[in-house]
Amino acid sequence: MFARDIGIAVHPYPTAEAAEVALRMTMLLNTKTGFRETAGQPGMRLPAGGCAGARRPKVWHAISCGTTSVWW
């Protein structure tokens, strides 16, 4: 990380290393899988996951084929 390389802290973090850890955690939580895995560790209840398209064949076909229109 740039701040660590040049030896400066990133406000409000006390060190560049702490800022880097926060950035990595934010990047992890910003993904569906990362959020579900992290939230599940302390026992947070989560609804069943999955792609809505898996329950709707026309949507799944549109997603997997790159189609932008779906006819119901």
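Residues numbered from 1 in each chain as written. Predicted model: local features only at pLDDT ≥ 70, side-chain atom pairs only at ≥ 80, totals over all residues. Heavy atoms only, no water.

Asks: Where do I start with the environment of Tyr13 in this structure?
Replies: Position of Tyr13 relative to the elements: it lies in the loop between helix H1 (2-6) and helix H2 (16-29). Tyr13 gets classed as partly exposed once you look at its relative accessible area, which sits at 35%. Those residues in contact with Tyr13, other than ones at most four positions away along the chain, are Ala18, Ala19 and Ala22. (Helix = DSSP H or I, 4+ residues; strand = E, 2+ residues; numbered from the N terminus. Buried < 20%, exposed > 50% of the residue type's maximum accessible area, 1.4 Å probe, protein only. Contact = heavy atoms within 4.5 Å.)

Asks: Hey, could you run me through unusual backbone geometry in this one?
Replies: Note: most peptide bonds trans; most residues except glycine with negative phi. Cis peptide bonds are those with omega within 30 degrees of zero, and the linkage from His11 to Pro12 qualifies with 10°. One can find Pro12 in the loop between H1 and H2.

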